[in-house]
Amino acid sequence: MDRKRKIDADGLNTKSSKKREGGDEGDEEDTFNYWTGNAFSGRYYDILKKRKALPVYDFKDELIKQVRENQVIVIEGETGSGKTTQIPQFLLKMLAKPGEQAIACTQPRRVAAMSIAKRVSEEMDVELGKEVGFTIRFEDCSNPNTILRFMTDGMLLREAMIDPLLSRYSCIVLDEAHERTLPTDVLMGLLKEILIKRKDLKAVIMSATLDAERFQKYFDGAPLMKVPGRTHPVEIFYSKQPESNYVDSAVRTAMQIHELEGKGDILIFLTGEEEIETVCTQLRLESDQVDHDKCGPLSVYPLYSTLPPKQQQDIFKPAPNPRVPGGPFGRKVVVSTNIAETSLTIDGIVFVIDPGFSKQKVSIMVYYNVIHII
C-alpha cells in the first residue's frame with residue numbers, strides 16, 4: 001500500500017514538473033505556476049481572460065522573436081494597449097533566472113511603479129515582494145530571488161552608480177521614455193555604453209507617442225514595433241468661451257456630471273498640488289449640499305507626485321455604494337496632475353475634465369546680460 005502511494009505521488013510530481021518545464025505562465029491549459037510550482041488560483045484564470053483581450057497580447061510571439069534576434073527594440077504602444085504590464089511578463093521565461101538575473105522595468109513615478117508591480121503580481125499569481133517586486137526611494141519591496149523588479153528611473157540610475165554594468169539584470173525595460181525625464185535620458189546614455197560591453201544584455205524602450213522614431217535612431221536603427229491601443233467611442237465637448245477661472249469651472253462641470261449623467265467615474269486634470277487640494281475641498285463641500293435623494297455619495301481623491309504613497313493608492317478604490325439600498329449610485333472623482341495621463345490606467349473612468357494646462361520646468365540662464373530660456 002505504501003509502495004503504491006509512493007508511486008502515485010512520484011507520478012504526480014513528475015507531471016507537475018513537466019507542466020513547469022513546458023508551460024507558459026500565460027497558457028490557459030497550465031495547471032501549475034511556472035515560477036512557484038503551486039497550482040493556479042481561480043482568480044488567475046479570470047485575470048488571464050482579460051489579459052488575452054489586450055491589444056498587445058496579439059504581438060506576443062513577434063515581440064519574443066524580435067527581442068531574441070536584436071539587442072535593442074523600440075516599442076510604440078498607445079495608452080491602454082497593455083504594454084507596461086504584459087511585455088515584461090512575455091520576456092520572463094526567456095531572460096529571467098531566479099537568484100541570478102532579473103528584468104528591470106523603470107517608471108518615471110513612484111505610484112506607477114508600486115501599482116504596476118501589484119497588478120503584475122496578481123496576474124502572475126505570485127506574492128508581491130517575492131517573484132515580482134518594486135523599488136522606490138525609501139522602500140524596497142523585493143528580495144534576491146525577484147525576477148521582475150519595477151522601479152523608478154532614479155533608483156536604477158543609483159544602482160548603475162554602484163554596478164556600472166548592471167550585471168544583476170538580463171533585460172532593462174525603459175517605460176514611458178517619451179516623458180524624457182532627466183534620469184531616463186541619462187539612463188539611455190549609460191545603457192548605450194553598457195550594451196557595447198555586455199552583448200548578453202537586452203534593452204526594450206517603450207514610448208506612448210510618435211517620439212519612438214527618435215529613440216530608434218538613437219539606438220542605431222533598432223527595430224520598431226507599433227502596438228495599437230484599445231479604442232472606445234469618445235464624445236468631446238468644448239466650452240463656448242474661454243473660462244476666466246478654470247479651477248471653478250472644473251468643479252462646476254464635475255458637479256453637473258454627477259447630478260445629470262449616468263454611471264461612471266470622473267478624472268480631472270490640473271497643474272499642481274495647490275489647485276488639486278482646492279478642487280478636492282470644493283467638491284467635498286458641494287457634494288454634501290446636493291439633494292441626497294437625487295444624487296449618490298461622491299468620493300474625491302487627489303493624486304500628485306508629493307502625495308504619500310499610501311494616499312496615492314486610494315485612487316484605485318471602487319466608487320462608493322448608494323447611501324441606501326436602491327438609492328442613487330455613488331461616484332468617484334480623481335483630481336490629478338498629468339501623472340494619470342499615461343503612467344496609470346484607472347478602472348471605471350468615463351468622464352474626463354481637462355482645462356488644458358500643465359506645469360513645465362523652465363531653466364533660465366543669464367550670460368552677459370542675455371537671458372536664455374532652455
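Quick look at the structure, then.

## Overview of the sheet that holds strand E7 (residues 202-207)
Okay, so step 1: With mixed pairing, the eight strands of this open sheet are ordered in space as E4-E3-E5-E2-E6-E7-E1-E8. With partners counted over all chains shown, the strands left at the sheet margins are strand E4 (139-141) and strand E8 (224-227), one partner each. The mean inter-strand angle of the sheet, taken between neighbouring strand axes irrespective of direction, is 20 degrees.
Okay, so step 2: With three bridges connecting them, strand E3 (residues 132-136) and E4 associate as antiparallel partners. Bridge pairing in E4 links Thr 135 to Asp 140.
Okay, so step 3: Taken strand by strand, helix H6 (residues 153-162) contacts strand E2 (102-107), E3, strand E5 (148-152) and strand E6 (169-174), and its axis lies near 105 degrees from that of E5.
Okay, so step 4: Against the sheet, helix H7 (residues 182-197) engages strand E1 (72-77), E2, E6 and E7, with an angle of about 145 degrees to E6.

## A closer look at the side chain of Ser 142
Okay, so step 1: For Ser 142, the location among the structural elements is in the loop between E4 and E5.
Okay, so step 2: The exposure class assigned to Ser 142 is buried, which follows from its relative accessible area of 18%.
Okay, so step 3: A polar side-chain atom of Ser 142 sits 2.6 Å from a polar atom in the side chain of Asp 140.
Okay, so step 4: In terms of polar contacts, Ser 142 uses its side chain to reach the side chain of Arg 149, at 3.3 Å.
Okay, so step 5: Beyond its immediate stretch of four places on either side in the chain, Ser 142 contacts Gly 129, Gly 133, Phe 134, Thr 135 and Arg 149.

## Some words on the sheet that holds strand E10 (residues 298-303)
Within a beta sheet, neighbouring strands are joined by backbone hydrogen bonds and run either parallel or antiparallel to one another.
Okay, so step 1: Pairing within the open sheet is parallel, and its four strands lie in the order E10-E11-E9-E12. Strands with a single pairing partner mark the edges of an open sheet, and in this sheet they are E10 and strand E12 (349-353). Along the sheet, successive strands turn relative to each other by an average axial angle of 20 degrees, direction set aside.
Okay, so step 2: Against the sheet, helix H10 (residues 273-289) makes contact with strand E9 (265-269), E10 and strand E11 (331-336), and its axis sits at roughly 175 degrees relative to E10, the strand it touches most.

## Describing helix H2 (residues 42-52)
Okay, so step 1: Taken as a whole, H2 has its buried residues at Tyr 44, Ile 47, Leu 48 and Arg 51. Buried positions in H2, seen along its axis, are confined to an arc of 110 degrees and lie on one side of it. In this structure, H2 carries Gly 42, Lys 49 and Lys 50 as exposed residues pointing more than 90 degrees from its buried face.
Okay, so step 2: The inward-facing, buried residues of H2 contact helix H4 (83-95) and helix H5 (110-124).

What counts, and where the lines are drawn
Residues numbered from 1 in each chain as written. Predicted model: local features only at pLDDT ≥ 70, side-chain atom pairs only at ≥ 80, totals over all residues. Heavy atoms only, no water. Pairing = 2+ DSSP bridges. Helix = DSSP H or I, 4+ residues; strand = E, 2+ residues; numbered from the N terminus. Axes fitted to C-alpha atoms, helices over the stretch in contact; angles between N-to-C directions. Contact = heavy atoms within 4.5 Å. Buried < 20%, exposed > 50% of the residue type's maximum accessible area, 1.4 Å probe, protein only. Polar contact = N/O pair within 3.5 Å; in protein donor to acceptor, adjacent residues only side chain to side chain. Arc of directions from axis to C-beta.

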